[in-house]
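What the coordinates show
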Amino acid sequence: MFEILKKYNFWDGNVKGCGFLRKSYLKKLKELDVTKTIITITGGRRVGKSFLVRQYIDFLINENKIKPKQIFYANLFIRELESLKDPKIFTEAIGLWKKKLKVEENLKKYIIIDEVQEIEKWEILINSLYEDFTTEYKVIITGSNSKLLSGELSTYIAGRSFSLNVLPLSYQEYLDFTQKGISKETFIEYMKDGGMPEIVLAENSFAKNNLISTTIDSIIMRDIVLRHDIRNISLLKKIVDYFCSSPSDEISKNKVANILKNTGLKSSIHTVSDYIEYLKESFLIHSCPVFSYKKNDILKSVPEKVYLNDHSFAMNNSGFKDLGKLLENIVYIELLRKGYKVQTLKIDDKEIDFIAEKETEKMYIQVAYTLGDKDSDTFKREFGNLLLIKDHFPKIVLTLDDILFAPVKGVEHLSIIDFLNCK
């Protein structure tokens, strides 16, 4: 076993497989390494969680001057490490690492586990490492499920973990990753490629589309079907197809159930509700609550708009042509990336795409592909809806137009490209 552990660790100080440096996430990891608290890194498949933890290991060794032998790394998706899914064998591996390398007990030791949910009753194992008062462990775990810390066994580590959610590449990161400059052309490429690094690097559209499809299939089969013992796989795939073909649509469980019924697939509201939650947990979709100021609406169940974790999932549908929805999806994920709480606002029959709030900040945002002229219905809708808001927080219309209109009663018209590149 030791030789296999040695193969996939970096005890010689040479950290392989670091990939593109995710500076903002690496900075957050550095800031979180101040207490014994467990660091939990979550995110969808192919967003780069494994690369990020290896970048962090490289930082620990080369900048923080941690001795390489003080760091234990295990990626549970590697077939040769499959035996570590047994918590007893994992514990034996920890002991073997410390014994063979003569790990110094008086120094901090890092245990970094990729895809920790693969270990049976992993929370008990992690809690045991945390509670070990005879030595100092810093435990960092990753997982492809947003509910990693809210499962049945999560009480073992409740209040002992900091969470970091990794999203696909932003447009800024995409430019650094591809070594290209900011332009409308590169933004259109970003719209097509999405933000999953492996897919961005694919050499042609066939390879990209194939990777997008296999990523979605992997999420369906490994993160949902196997985890939740789903039997009606065809129903689940139909729901996924629906969301991938309609990002930014407002949905309800009844609406989805009725659409499925019209295609000949009968399902209960309960089943549809469960499947939607599983898709959220696995980071295929995000839901944005739709908020209304009307008193009667407060008592109703809150509707949601659905966005894709990576906008390339929409391009998996060859018939998808609604660029406005794609842009709205990109802006929504960017707001999450920047730490905003995001809602959609309904004012009677009018809609504001996003209210974005963070601490004392607040802004209202409308997103469209193009506005046309001042007499167009799009111009009147996008500016007119924002003019219904009477407070003094920023109000912005974002489009891909080359020519921007002057502010209208305080409502600004900005380029999406510029908005995505502001700090």
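Residues numbered from 1 in each chain as written. Predicted model: local features only at pLDDT ≥ 70, side-chain atom pairs only at ≥ 80, totals over all residues. Heavy atoms only, no water.

Some remarks on the overall build of the protein
Basically, it comes down to this: We count a stretch as a helix when DSSP gives it H or I for four or more residues in a row; a strand needs E for two or more, and each element gets its number in order from the N terminus. Radius of gyration: over C-alpha atoms. The globule rule applied is 2.2 Å multiplied by the number of residues raised to the 0.38 power. When accessible area is computed with a 1.4 Å probe and restricted to protein chains, residues below 20% of their type maximum are described as buried, those above 50% as exposed, and intermediate ones as partly exposed. The contact rule is simple, with two residues in contact once any of their heavy atoms fall within 4.5 Å. Areas reported here follow the Shrake-Rupley algorithm with a probe of radius 1.4 Å; residue values treat only the protein chains shown as occluding. Asp and Glu count as negative and Lys and Arg as positive, but His and the ends of the chain are not part of the count. By convention, charge coordinates are those of NZ in Lys, CZ in Arg, CG in Asp, or CD in Glu.
When helices and strands are tallied, the protein shows 17 helices and 13 strands. In terms of C-alpha radius of gyration, the protein reaches 23 Å, essentially the compact-globule figure of 22 Å for 423 residues. Judged by the C-alpha coordinates and their principal axes, the protein covers about 75 × 50 × 45 Å. Across the 423 residues in the protein, those meeting the buried criterion constitute 50%. Across the protein, every contact between residues at least 6 apart in sequence was considered, and the portion connecting residues at least 24 apart equals 67%. Counting every atom, the protein has about 20500 Å² of accessible surface; 52% of that belongs to carbon and sulfur. Across the protein, the mean location of the 63 positive side-chain charges is 2 Å away from that of the 59 negative side-chain charges.

Notes on the pattern of salt bridges
As a reminder, the rule being used: A carboxyl oxygen of Asp or Glu within 4 Å of a side-chain nitrogen of Lys or Arg is what we treat as a salt bridge.
Throughout the structure, instances matching the rule amount to 26 salt bridges. For R45, the salt bridge identified is with D223, shortest N-O distance 2.8 Å. Of this pair, R45 sits in the loop between β1 (38-43) and α3 (49-62) while D223 is found in helix α9 (residues 205-228), placing the two residues 178 residues apart along the sequence. When its relative accessible area of 8% is taken as the criterion, D223 is described as buried. As a salt-bridge pair, E250 and K346 come within 3.0 Å of each other at their nearest N and O atoms. Highlighted residues: E250 in strand β6 (residues 250-251) and K346 in strand β9 (residues 341-347), separated in sequence by 96 residues. On the basis of relative accessibility, which here comes to 27%, the residue E250 falls in the partly exposed class. By relative accessible area, K346 is classed as partly exposed at 24%. Each of K98, E105 and K109 takes part in salt bridges that share partners, so that together they form one network.

As for unusual backbone geometry
Phi is positive for Q179, close to 60°, though the residue is something other than glycine. Following the sequence through the fold, Q179 ends up in the loop between α6 (171-178) and α7 (184-193). With relative accessibility at 75%, the residue Q179 sits in the exposed group. For D348, which is not glycine, the phi dihedral falls at a positive 55°. Here D348 shows up in the loop between β9 and β10 (350-358).

Description of the sheet that holds strand β4 (residues 137-143)
Stated precisely, the cut-off is as follows: Two strands pair under a simple rule: DSSP has to find at least two bridges between them. To obtain each axis, a line is fitted to C-alpha atoms, and for helices this fit is confined to the stretch in contact; angles are then taken between N-to-C directions over 0 to 180 degrees.
Spatial ordering of the open sheet is given by β2-β3-β4-β1-β5, a layout of five strands whose pairing is parallel. Where the open sheet ends on each side, the last strands, each with one partner, are β2 (71-75) and β5 (161-166). Sheet twist, expressed as the mean angle between neighbouring strand axes with direction ignored, is 15°. Here strand β3 (residues 109-114) runs beside β4; their pairing, made up of five bridges, is parallel. Among the inter-strand pairings, K109 is bridged to a residue of β4, identified as Y137. Strands in contact with α3 are β1, β2, β3, β4 and β5; relative to β2, the strand with the most contacts, it is inclined by about 170°.

So, the nonpolar core
Which entries qualify depends on this criterion: Here, nonpolar core refers to any group of buried Ala, Val, Leu, Ile, Met, Phe, Trp, Tyr and Cys residues whose side-chain atoms link them within 4.5 Å.
F187, F243 and L335 are the most contacted members of the largest nonpolar core, which has 91 residues in total. Grouped together as the second largest cluster of nonpolar side chains are 27 residues, W11, I38, I111 and L125 included.

Focus: the packing of aromatic side chains
Operational definition: Side-chain rings of Phe, Tyr and Trp, where Trp is taken by its six-membered ring, are said to pair if the distance between their centres is within 6.5 Å; with planes under 30 degrees apart they count as stacked, over 60 as edge-to-face, and otherwise as tilted. For a lysine, the NZ atom is tested; for an arginine, the CZ atom; a charge sits over a ring if that atom is within 6 Å of the ring centre and within 35 degrees of the ring normal.
Under the defined criterion, the tally for this structure stands at 17 aromatic pairs. Seen from their ring centres, F72 and F90 are 5.8 Å apart, and the 70° between their planes marks the pair as edge-to-face. Of this pair, F72 sits in strand β2 while F90 is found in helix α4 (residues 87-100), placing the two residues 18 residues apart along the sequence. According to the relative accessible area criterion, F90 is buried, its value standing at 0%. Through pairs of rings, three or more aromatic residues link up here, namely Y171, Y174, F187 and Y190. A cation sits over an aromatic face here: R222 above F77, 4.4 Å from the ring centre. Sitting above the plane of the F419 ring, K338 keeps its charged end 5.3 Å from the centroid.

Some points on the packing of helix α2 (residues 23-32) against α3
Definition in use: Should an angle lie under 35 degrees it is considered roughly parallel, over 145 roughly antiparallel, and from 65 to 115 roughly perpendicular; all remaining angles are considered oblique. Two helices that cross are described as forming a left-handed crossing if the nearer one is turned anticlockwise from the farther one by less than a right angle, and a right-handed crossing if clockwise. In this classification, the charged set is Asp, Glu, Lys and Arg, the nonpolar set is Ala, Val, Leu, Ile, Met, Phe, Trp, Tyr, Cys and Pro, and all remaining amino acids, among them Gly, are polar.
Viewed as axis vectors pointing N to C, α2 and α3 meet at an angle of 55°, and their least axial separation amounts to 10 Å. By the angle between their axes, α2 is oblique relative to α3. Viewed along their axes, α2 and α3 form a crossing whose handedness is right-handed. Here Y25, L26, L29 and K30 of α2 come into contact with α3, specifically with L52, Q55, Y56 and F59. Here the residues of the contact of α2 with α3 sort into six nonpolar, one polar and one charged.

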